[in-house]
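Now for the letters of each chain:
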Amino acid sequence: MTATVNYDDVEVGTELPAASFAVQRVNLVRYAGASGDFNVIHWNQRVAESVGLPDVIAHGMLTMAEVGRVVTDWTGDPGSVLEYGVRFTRPVVVPDDGAGAMIEVTATVGAKLDDRRVRVDLTATSAGAKVLSMARAVVQLA
Amino acid sequence: MALDQSYIGRTYAPSEPYEVGREKIREFADAIGDDNPAYRDPDAAKALGYDDVIAPPTFAIVLSARVATQVIHDPEFGLDYSRVVHGEQRFVHRRPVRAGDRLIGVLTVDNIRAAAGNDIVSTRVELSTEAGEPVATAYSTLVARAPAGTPAPQSTP
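Here's a quick rundown of the structure.

Analysis parameters
- Residues numbered from 1 in each chain as written.
- Chains lettered and ligands numbered in written order.
- Predicted model: local features only at pLDDT ≥ 70, side-chain atom pairs only at ≥ 80, totals over all residues.
- Heavy atoms only, no water.
- Helix = DSSP H or I, 4+ residues; strand = E, 2+ residues; numbered from the N terminus.
- Buried < 20%, exposed > 50% of the residue type's maximum accessible area, 1.4 Å probe, protein only.
- Areas by Shrake-Rupley, 256 points an atom, 1.4 Å probe, with all protein chains shown as cover.
- Expected span 1.5 Å × (residues − 1).
- Bend = angle between axes of the 7 residues up to and from the residue.
- Phe/Tyr/Trp six-rings, centres within 6.5 Å; stacked < 30°, edge-to-face > 60°.
- Salt bridge = Lys/Arg side-chain N within 4 Å of Asp/Glu carboxyl O.
- Pairing = 2+ DSSP bridges.
- 1 Å grid on protein atoms, 1.4 Å probe; cavity = no way out; pocket = protein on both sides within 12 Å on 5 of 7 lines; lining within 4 Å.
- Points joined across faces, edges and corners; volume = space filled by probe spheres on them.
- Nonpolar A, V, L, I, M, F, W, Y, C, P; charged D, E, K, R; others polar.

**Focus: the overall build of chain A**
Now for step 1: Counting secondary structure elements, chain A contains three helices and six strands.
Now for step 2: Along the chain direction, N to C, the helices and strands of chain A fall in the order β-α-α-α-β-β-β-β-β.
Now for step 3: Dimensions along the principal axes, computed over C-alpha positions, put chain A at roughly 50 × 30 × 25 Å.
Now for step 4: Within chain A, the fraction of its 142 residues that count as buried is 53%.
Now for step 5: Here chain A displays about 5900 Å² of accessible surface, and carbon together with sulfur accounts for 50% of that area.

**Digging into helix α3 (residues 60-75) of chain A**
Residues and elements named next belong to chain A.
Now for step 1: The end-to-end C-alpha distance of α3, which contains 16 residues, comes to 23 Å, matching closely the 22 Å that a straight helix rising 1.5 Å per residue would cover.
Now for step 2: If you look at α3, its biggest bend is around 30°, right at R69.
Now for step 3: The buried fraction of α3 amounts to 15 of the 16 residues, a majority that puts the element mostly inside the structure.

**Here we look at the packing of aromatic side chains**
Residue and element names in this part refer to chain B.
Now for step 1: Taken as a whole and judged by the stated rule, the model has three aromatic pairs over all chains.
Now for step 2: Judged by centre distance (4.7 Å) and plane angle (50°), the ring pair of Y7 and F77 falls under tilted. Taken together, the positions of Y7 in the segment before β1 (18-19) and F77 in the loop between α3 (60-72) and β2 (84-93) put the pair 70 residues apart, joining distant regions of the chain. Here the two residues Y7 and F77 agree in accessibility, since each one is buried.
Now for step 3: When the centroid spacing of 5.2 Å and the interplanar angle of 90° are considered together, the rings of F28 and F59 count as edge-to-face. Taken together, the residues span a long stretch of sequence, with F28 in helix α1 (residues 22-31) and F59 in the loop between α2 (42-47) and α3 at a distance of 31 residues.

**Quick look at the pattern of salt bridges**
Now for step 1: Applying the stated criterion to the full structure yields 21 salt bridges over all chains.
Now for step 2: A:E83 is the salt-bridge partner of B:R90, the closest N and O atoms lying 3.2 Å from each other. Remark: A:E83 occurs in strand β2 (residues 81-88) and B:R90 occurs in strand β2; the pair is interchain, linking two chains.
Now for step 3: Residue B:R90 is classed as partly exposed on the basis of its relative accessible area, which comes to 33%.
Now for step 4: The exposure class of A:E83 is partly exposed, given its relative accessible area of 27%.
Now for step 5: Taking the shortest distance from any N to any O, the salt bridge between B:R95 and B:D101 comes out at 2.9 Å.
Now for step 6: Judged by relative accessible area, B:R95 falls into the buried class, the value being 11%.

**Some words on the pairing of β2(A)**
Now for step 1: In terms of residue burial, β2(A) counts as a mostly covered element, since six of its eight residues are buried.
Now for step 2: In this sheet, strand β6 (residues 132-140) of chain A lies alongside β2(A) in antiparallel orientation, the contact comprising six bridges. Pairing of A:G85 across the sheet is with A:R136, part of β6(A).
Now for step 3: Relative to β2(B), β2(A) is paired through five bridges, and the arrangement is antiparallel. Looking at β2(B), one finds that A:G85 is bridged to B:R90.

**Focus: the layout of surface pockets**
Now for step 1: Counted as a void, the second largest pocket has a volume near 300 Å³.
Now for step 2: Around the second largest pocket, the lining comprises 18 residues; the ones closest to its centre are A:G85, A:V86, B:E88, B:Q89 and B:R90.
Now for step 3: Listing elements by their share of the lining of the second largest pocket, those giving two or more residues are β2 and β6 of chain A together with β2, β4 (118-129) and β5 (134-144) of chain B.
Now for step 4: Per-class residue counts for the lining of the second largest pocket are five nonpolar, six polar and seven charged.

In structure tokens, the structure reads:
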């Protein structure tokens with residue numbers, strides 16, 4: 001494991017580079033195929049609405065993967081992520097309007113742990129609403 | 001509809017091994033839009049100290065969700081999958097999943113509860129190699145939302 005960020009160079013409050021990700025229907029289709037999650041609410045508007053959703057929604061796991069990239073891009077080594085957890089508080093609604101949804105991500109070092117590990121606290125919003133809570137990664141730094 | 005609480009604590013027999021392939025990792029990385037070379041190029045992965053390309057941290061869901069179908073799609077359990085949304089997810093990695101791994105998953109139903117008309121199921125899948133080396137644990141909470149006629153919750157508990 002070879003993270004490029006040194007534990008001694010970060011403090012509680014250190015901000016990671018923020019990022020934003022566009023999500024369109026095609027991304028949901030690709031993710032369904034790659035992950036094997038073919039739940040119809042991620043590709044069929046009629047069924048999504050019939051079960052009370054506003055429209056097709058993104059796979060929570062796609063959101064989680066994209067948000068986590070802020071951490072792996074920061075450390076330079078995806079294997080530095082020892083723990084990663086989120087709560088999905090609101091669905092990311094992906095309309096078929098040519099634009100889809102945007103997910104905005106910020107991340108901050110929330111705690112310095114032993115063994116040169118840190119806890120990174122993440123936020124993710126879409127259409128102005130928080131879509132994740134308790135989004136945290138424990139990361140091994142150099 | 002309340003789910004059968006007797007499933008709480010149930011641990012299932014180990015799954016058949018899943019062989020992690022380089023191209024599957026690449027396909028998954030493409031799908032999440034992540035161009036990290038460690039997911040594609042064995043030399044880039046070796047430069048980080050790994051024997052072969054590694055998988056993104058959330059790739060373990062491909063295996064754990066498959067293993068969890070034993071309860072999620074169990075007709076006797078009665079979960080309506082079209083009403084299911086993901087409530088929570090957490091991974092603990094002892095090391096990254098990598099190409100060439102042959103991984104076995106052991107599913108345990110940690111909890112089943114009802115809240116505001118929703119059925120909430122928490123599972124745990126322990127992933128290890130055929131040789132018994134622990135690799136990762138995936139903790140999932142799925143929420144089967146209340147049937148139509150009740151207001152759609154804005155957030156899952």
